[in-house]
Amino acid sequence: MRHYLRPLALAFALSLPALADETIAPPPLYPVEQFAALARVNQLTVSPDGEFIAYVSPLDGRQHVIMHRLGEKDFNKMVILPPIDEGRLTADVSWIGWANNERLFVSYRFTNDDAFRRYVRTAMFSVPREGKMEWVDMAKPTREQRQQGYKASPAQFKDDIIDQLPDEPDFVLQAIDADRDGSAEIRKVNVRNGKYSVITEGRSDIQNWLVDANHEPRLGWGFDQYSNSKTVYRSPETGKFIDLTDTEWLDAERIDPIGFTEDPRIVYALETISDTAKRLVTFDVLNGKVKSILFEREGATATGLRRHPVNDAVIGYTYIDEDGGDTFYTDPFLNKLKARIDQLLPNGHNRIVDFVPARNQFFILHSNERNDGTYYILDLKAKTLTPEINRRDFVPETMAETVSYTVTARDGLEFEAMLTLPVGRKAENLPLIVMPHGGPHSRTPGGFQYQRQFFANRGYAVLEPDFRGSTGYGKQFMEAGFNEWGGKMQDDVTDATKWAINEGIADPKRICIVGGSYGGYAALMGTIAAPGMYACAVSFNGVADIPGMLRFDRYFLGGREWNKKIIPEGRKAEDISPVDRAGEVSAPVLIIHAKDDPVVRFDQGKGMYSKLKSLGKPVEFVELKSGDHYLDTAEARLTTLTAMEAFLKTHLGAPAS
């Protein structure tokens with residue numbers, strides 16, 4: 001918290017000089033602790049009146065919430081909200097947001113302490129900004145639950161705020177499945193004391209709600225116990241619910257409502273217009289017709305709405321293009337301002353994370369693949385652009401660059417693979433880390449990524465394939481990964497590795513496959529599907545037992561439907577399960593797993609280790625005491641990176657000096 005940059009006032013009318021494009025010698029090895037450290041500032045947000053600022057920041061290796069008056073530099077005058085440690089309950093900060101000028105919402109995420117069925121739960125509190133520790137539980141139990149002895153609501157998710165009610169700053173609308181029957185009621189909750197009234201009783205199989213511009217619950221959707229989807233619309237004229245489940249636009253999955261316009265039957269929606277693009281439209285949910293096109297751009301896909309920080313009005317449309325995520329502002333002034341910011345802060349991506357209209361102040365995060373980000377304050381009145389704080393201490397010029405390449409799979413499908421080379425080294429005969437992403441229906445993260453940069457700093461090239469099934473390349477490409485666990489998705493990872501060998505980038509004798517979650521599964525399967533290709537494999541919080549995963553997932557809403565998209569046609573779960581094919585593992589394996597992982601059970605990793613050990617296979621196991629599925633503590637990251645560094649040194653040779 002004491003890492004503020006020396007203030008530097010910059011005349012807004014001037015331009016910042018671009019960094020020189022220099023050839024940089026290999027940098028010294030940064031301490032592993034520096035890569036494991038959590039980013040210094042996350043989720044920066046300013047109170048609606050512009051008086052206070054709040055953000056998430058690590059202290060002692062875990063995320064805390066920091067609140068203070070804008071401009072305050074004295075650490076002792078800052079309000080610190082810690083993670084929760086009460087008996088067996090360990091909960092870390094998930095997200096924060098202002099309830100009103102005086103109170104901040106803090107959501108906590110934790111793993112249910114039932115050892116037989118671990119899963120994610122959340123809790124949420126309203127906390128005053130002045131530091132009085134008057135924590136208000138925003139999800140109080142019902143009267144019946146209190147009579148049964150409940151001190152807290154048994155709901156799994158307690159942090160679904162569906163409307164901030166800007167005209168009633170002391171109240172919000174919350175969707176909550178209080179009795180865990182698969183239907184979420186809507187409560188109007190007082191943020192100062194947590195008392196609530198029920199606005200809408202739960203509808204069968206509806207867990208999610210959108211409210212209209214008049215703050216009335218209007219559109220709901222969810223799943224039944226068999227993973228069948230359901231959508232309902234509440235008529236503004238009669239108040240009766242209309243079942244939209246079998247309408248053409250829902251069946252076609254081309255329209256995704258994200259908010260309501262002033263008209264209670266017209267929504268803002270993302271419309272799929274091609275295999276790789278979406279546009280933002282207004283859409284009539286009753287007649288199924290597009291009313292207007294708000295945003296459509298060649299080479300870009302719309303992603304959502306940007307709203308005003310005070311009155312919640314729509315002020316822009318967010319999108320992703322080849323340069324990353326950005327916002328098209330409907331206000332010409334904001335669009336012009338954003339263009340000017342991009343001129344002042346070149347060589348990266350600039351995001352207006354928040355602004356205070358009354359003060360003409362804008363909070364900007366400047367980042368790129370080599371810089372995890374620097375926060376700036378743009379003051380239009382003072383005509384200054386001031387760097388406030390770096391998220392990390394690395395010198396950006398010593399970090400590695402990532403370049404995208406096109407790889408052709410064995411069946412002719414083309415996909416992207418991201419290659420990161422160690423700084424100052426030629427792309428020739430390098431030790432290679434192949435790092436498939438998790439999901440599997442996600443994509444290789446852009447921007448700064450601490451594991452990628454750690455490996456590159458140690459002298460390894462890093463290849464991250466966006467195999468079929470990855471998102472961001474269109475619906476058809478994503479769906480090409482359905483029922484391809486251990487099949488064509490795995491083949492794509494193998495083919496990307498062969499590409500790196502054939503291009504002369506990788507030393508074929510020094511390749512290790514490393515991944516987490518689904519990526520951990522792909523790492524284990526890589527030693528089975530491509531025997532002899534990998535010198536080693538690392539799985540952290542990875543899936544190893546497919547039959548076990550299928551049994552566990554069916555207990556959750558949507559789980560049965562998800563399970564239908566795993567196994568390739570004509571094969572059995574055991575055929576694509578690393579633990580069932582452990583005898584075919586062809587390389588030394590390191591397995592790392594968090595004890596409190598609610599996504600991939602701890603016994604997945606432990607069971608794979610035990611099986612390999614019983615077969616006499618070279619295997620190591622590291623148990624993380626905490627850190628969740630996402631390695632969200634510095635301790636978990638440090639343990640993981642330290643274990644991987646030693647393992648890689650053993651099997652790929654000494655790291656760069």
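Going by the structure above, here's the rest.
Residues numbered from 1 in each chain as written. Predicted model: local features only at pLDDT ≥ 70, side-chain atom pairs only at ≥ 80, totals over all residues. Heavy atoms only, no water.

S.K.: Give me unusual backbone geometry: which residues, what numbers.
M.R.: Leaving glycine aside, a negative phi is the common case for residues, and trans is the common case for peptide bonds. Residue P440 follows G439 across a cis peptide bond; omega there is 5°. With a phi angle near 55°, N429 is a residue other than glycine that sits in the positive phi range.

S.K.: Tell me what's going on with the packing of aromatic side chains, and back it up with residues and numbers.
M.R.: Applying the stated criterion across every chain, the model contains 23 aromatic pairs. Ring centres 5.5 Å apart and planes at 40° place the aromatic pair Y518 and Y521 in the tilted group. Here Y518 pairs with Y521, and both are found in helix α8 (residues 518-529), just three residues apart, close to one helical turn. Pair check on accessibility: Y518 and Y521 agree, each one buried. Measuring from ring centre to ring centre gives 6.0 Å for F602 and F621, while their planes differ by 70°; the resulting arrangement is edge-to-face. Highlighted residues: F602 in helix α11 (residues 602-614) and F621 in strand β36 (residues 619-624), separated in sequence by 19 residues. Among the aromatic residues, ring-to-ring pairing joins Y30, F35, F394, F448, F454 and F455 into one connected group. For R187, the ring lying beneath its charged end belongs to Y196, and the centroid distance is 3.7 Å. Its guanidinium or amino end placed over the ring of F171, K188 lies 5.1 Å from that ring's centre, counting from NZ or CZ. (Phe/Tyr/Trp six-rings, centres within 6.5 Å; stacked < 30°, edge-to-face > 60°. Helix = DSSP H or I, 4+ residues; strand = E, 2+ residues; numbered from the N terminus. Buried < 20%, exposed > 50% of the residue type's maximum accessible area, 1.4 Å probe, protein only. Lys NZ or Arg CZ within 6 Å of the ring centre and 35° of its normal.)

S.K.: Give me the sheet that holds strand β33 (residues 506-516): which residues, what numbers.
M.R.: Spatially, β29-β30-β32-β31-β33-β34-β35-β36 is the arrangement adopted by the eight strands of the open sheet, whose pairing is mixed. Strands at the two margins of the open sheet, each flanked by one partner only, are β29 (402-408) and β36. Across the sheet, the axes of successive neighbouring strands diverge by a mean angle of 20°, strand direction being ignored. Pairing between strand β35 (residues 589-594) and β36: six bridges, direction parallel. The partner of V589 across the bridge, within β36, is V619. Lying on the sheet, helix α5 (residues 450-457) is in contact with β29, β30 (414-420), β31 (430-434), β32 (461-465), β33 and β34 (536-540); it crosses β32 at an angle near 145°. (Pairing = 2+ DSSP bridges. Axes fitted to C-alpha atoms, helices over the stretch in contact; angles between N-to-C directions. Contact = heavy atoms within 4.5 Å.)

S.K.: For the state of the cysteines, give the residues involved together with the corresponding values.
M.R.: This structure, assessed with the given rule, holds one disulfide. Covalently, C512 is tied to C536 through a disulfide, its sulfur atoms 2.3 Å apart. Between C512 and C536, the disulfide has an S-S torsion of -135° and is therefore left-handed. One end of the pair, C512, is in strand β33; the other, C536, is in strand β34, with 24 residues separating them in the sequence. The residues C512 and C536 share a single accessibility class, namely buried. (Disulfide = S-S within 2.5 Å.)

S.K.: Mind laying out helix α12 (residues 634-652), listing which residues take part and the relevant values?
M.R.: Between its first and last C-alpha atoms α12 spans 26 Å; for 19 residues at 1.5 Å apiece the expected length is 27 Å, and the two agree. Downstream of α12 by a residue or two, G653 has a phi angle that is positive, lying close to 105°. (Expected span 1.5 Å × (residues − 1).)

S.K.: Can you break down the packing of α5 against α12 residue by residue, with the values?
M.R.: Contact pair α5 / α12: the axes reach a minimum separation of 12 Å and the direction vectors enclose 35°. Seen along the crossing, α5 lies across α12 with a hand that is right-handed. Together, Y450, Q451, F454 and F455 of α5 and R637, L641, M644, E645 and L648 of α12 make up the contact between the two elements. In terms of residue class, the contact of α5 with α12 is built from six nonpolar, one polar and two charged. (Left-handed = near helix turned anticlockwise from the far one by under 90°. Nonpolar A, V, L, I, M, F, W, Y, C, P; charged D, E, K, R; others polar.)

S.K.: Could you give an account of the nonpolar core, naming the residues involved and the relevant values?
M.R.: If you look at the biggest cluster of nonpolar residues, it comprises 55 residues, and the most contacted ones within it are W485, I546 and M608. Sort the elements by how many residues they give to this core and α8 lands first, with seven residues. Excluding residues within four positions of it along the chain, I546 makes contact with W485, Y521, I566, A573, I576 and S577. Formed by 32 residues, the second largest nonpolar core is a distinct cluster that contains F35, F454, F540 and L641. (Core = buried A, V, L, I, M, F, W, Y, C linked by side-chain atoms within 4.5 Å.)

S.K.: I'd like to hear about the sheet that holds strand β16 (residues 229-234), residue by residue, with values.
M.R.: Spatial strand order, β14-β15-β16-β17: four strands in an open sheet with antiparallel pairing. If you trace the sheet from one side to the other, it starts and ends with β14 (208-211) and β17 (241-243), each paired once. Averaged over neighbouring strand pairs, the angle between their axes works out to 20° when direction is ignored. Relative to strand β15 (residues 217-223), β14 runs antiparallel, the two being bridged by four bridges. Paired with N208 across the bridge in β15 is W221.

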